[in-house]
Amino acid sequence: MADRIVCKFGGSSVAEAKQFQKVKAIVEGDKRRKVVVVSAPGKRNPKETKLTDLLYTTYDLASKHLDFSTPWKMISDRYLDIAKDLNLATKIGDDLNELENKLKNEIEMVTTDFLVSRGEFLCARLMAEYLGAQFVDSYDLIAFDERYRITPKSYETIAQTLADENKLYVVPGFYGEGPHKQVKTFSRGGSDISGAVLANGINAIVYENWTDVSGLLMTDPRIVENPKPISYVSYREIRELSYSGASVLHDESIAPCRAKNIPINIRNTNRPEDAGTIIGPTPETTDYPITGIAGRKGFSMIYIEKSMMNKEVGFGRRVLAILEGEGLSYELSPSGIDSMSIVVDTKSLDAVQEAVLEDILLQMHPDRVKVFPGISLVATVGHGMTNKVGIAAKLFNALAEKEINIRIIDQGSSQINILVGVDEANMEDAIRAIYAAFVK
Ligand code: ASP
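Here we summarise the structure given alongside this text. Predicted model only: the values in this text are computed from it and were never measured.

**Notes on the site of the ligand**
Every residue lining the ligand is accounted for by Ser39, Lys50, Thr52, Glu120, Phe174, Arg188, Gly189, Gly190 and Ser191. With respect to the ligand, the side chain of Lys50 contributes an N or O atom lying 2.9 Å from an oxygen atom. Taking Gly189, its main chain carries an N or O atom lying 2.7 Å from an oxygen atom of the ligand. Burial of the ligand by the protein amounts to 95% of the accessible area it has alone, namely 260 Å². Residue composition of the shell around the ligand, by class: 1 nonpolar, 5 polar and 3 charged.

**Remarks on the sheet that holds strand S16 (residues 417-423)**
In space, the 6 strands of this open sheet follow the order S12-S13-S11-S14-S16-S15, with antiparallel pairing throughout. Each having just a single partner strand, strand S12 (330-332) and strand S15 (406-411) make up the two edges of the open sheet. Ignoring which end each strand starts from, the neighbouring axes of this sheet average 40° apart. Where strand S11 (residues 292-305) and strand S13 (residues 339-345) come together, 7 bridges link them in antiparallel fashion. Its bridge partner lying in S13, Ile302 is registered against Ile342. Relative to the sheet, helix H11 (residues 346-364) contacts S11, S13 and strand S14 (368-381), its axis offset from that of S11 by approximately 25°.

**Brief notes about helix H2 (residues 51-63)**
In this model, H2 (13 residues) spans 18 Å end to end at C-alpha, consistent with the 18 Å of a helix rising 1.5 Å per residue. Looking at H2, one finds that the buried residues are Leu51, Thr52, Leu54, Leu55, Thr58, Tyr59 and Ala62. On an axial view of H2, the arc spanned by its buried residues comes to 155°, and they lie on one face. Of the surrounding secondary structure, the elements contacted by the buried residues of H2 are helix H3 (69-85), helix H4 (92-105) and helix H5 (112-131). At the C-terminal side of H2, His65 shows a positive phi close to 55°.

**A look at the layout of surface pockets**
Quantified by volume, the second largest pocket comes out at close to 230 Å³. Lining the second largest pocket are 13 residues, and of these Ile230, Ser231, Tyr232, Asp287 and Tyr288 lie nearest its centre. Considered class by class, the residues forming the lining of the second largest pocket number 7 nonpolar, 4 polar and 2 charged.

**A short note on the packing of aromatic side chains**
Going through the model one piece at a time under the given rule, you end up with 5 aromatic pairs. Measuring from ring centre to ring centre gives 5.4 Å for Phe121 and Phe135, while their planes differ by 80°; the resulting arrangement is edge-to-face. Pair noted here: Phe121 is in helix H5 and Phe135 is in strand S3 (residues 134-135), with a separation of 14 residues, a long-range link. We classify Phe121 as buried; its relative accessible area is 12%. Seen in terms of ring centroids, Phe144 and Phe186 are 5.1 Å apart; in terms of plane orientation they differ by 70°. Their pairing is edge-to-face. A residue pair is termed long-range when its members are at least 10 positions apart, and Phe144 in the loop between S3 and helix H6 (152-161) and Phe186 in the loop between strand S6 (183-185) and helix H7 (191-201) qualify at 42 residues. Considered together, Phe144 and Phe186 belong to a single accessibility category, that of buried residues. Taking NZ or CZ as reference, Lys24 lies 4.7 Å from the ring centre of Tyr130, over its face. In this structure, Lys370 packs its charged tip against the face of Phe372, placed 5.4 Å from the ring centre.

Reading the values: rules and limits
- Residues numbered from 1 in each chain as written.
- Predicted model: local features only at pLDDT ≥ 70, side-chain atom pairs only at ≥ 80, totals over all residues.
- Heavy atoms only, no water.
- Near = heavy atom within 4 Å.
- Polar contact = N/O pair within 3.5 Å; in protein donor to acceptor, adjacent residues only side chain to side chain.
- Areas by Shrake-Rupley, 256 points an atom, 1.4 Å probe, with all protein chains shown as cover.
- Nonpolar A, V, L, I, M, F, W, Y, C, P; charged D, E, K, R; others polar.
- Pairing = 2+ DSSP bridges.
- Helix = DSSP H or I, 4+ residues; strand = E, 2+ residues; numbered from the N terminus.
- Axes fitted to C-alpha atoms, helices over the stretch in contact; angles between N-to-C directions.
- Contact = heavy atoms within 4.5 Å.
- Expected span 1.5 Å × (residues − 1).
- Buried < 20%, exposed > 50% of the residue type's maximum accessible area, 1.4 Å probe, protein only.
- Arc of directions from axis to C-beta.
- 1 Å grid on protein atoms, 1.4 Å probe; cavity = no way out; pocket = protein on both sides within 12 Å on 5 of 7 lines; lining within 4 Å.
- Points joined across faces, edges and corners; volume = space filled by probe spheres on them.
- Phe/Tyr/Trp six-rings, centres within 6.5 Å; stacked < 30°, edge-to-face > 60°.
- Lys NZ or Arg CZ within 6 Å of the ring centre and 35° of its normal.

Here it is, written out as structure tokens:
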């Protein structure tokens, strides 16, 4: 079996003709790059709107029989410009006219998912022609079941359809075939998932995810100036980091690659010489004790105190059942002997707070129950921390020196993550302090 690479290009990488040219150079730069997945064209500058968003607006207007010509013109102009600038012979104008007519005359037959999926569909058409590659519709490759999970059969279909190892294929990202033959999109940013699923299906040696940054940084550059880049991060670490606020790629794109140990390489289309970040299996050794630090605001802590709580069988379960009854999921629950804290998302709690507190009072008879809003969670993540003495002490010292009060401490037994809860106002200082303590 020949080594093949799946490369996915995000919205900014296909935003205009000059980006298409960069994509071509990248694809041709390594003969193993045989499957190209594209997003819909993104912004050419910060003031612009992504085509996917314009397609949502268009659908909204068209479905209310309102004038949709303004967003529609922006959409069609973009595709026509790319085709013209690259001298493509394509009949993209015909495709656009056909779509416009459907929106005007048969809107009842058009679904939102179908219309927005055309963003990647048309982009992939142009890219296939430009690269001299074969276009394959993702509708014919990826299928969803009734619960919108990807069917196992999709992976077989991918392997069979993209079987020719000498051929270059271009596939639109973001959608597949729904359980009732309709076009079904993933959640936003879902082209990342399409690429990962294709990488799994063809047993790619690497899944390259081309974007507009040269990989991940150890922490948010808006908080720490010039943080060090991360050259390698494990699948497990990235899950912990992205939960706590680091955003790189769609979190559902990890599992299909992880299932086959396919490394994901985040690369920069505008700086192809940069090696980027590799997301892969757990490493044997690491350079730093920590791999990254991420923080997220918007949490509240429900604090419950009751003497002899530890002797009351089922106390924790019953409290969590109250939350479950109100449809509230919890993030973590650090506990003491006679107290229990439950960290929840503030927005979700707001809607049901009164009912939750009333139920806790009536059913659990606590000595005290109180909600503390304004909590942020800061995650310090790294396999390098496993079985090393003194890491937690160093971290807490760093926070103490900056006089940051720690409200919550949680270290998972896997030891790859130390989570601290601090007041939202302290989050940035906490991240800076931890970074300075561990990274020289
Ligand atoms: N175009 C889609 C979005 O904007 C999917 C993607 O770009 O991954 O969400």
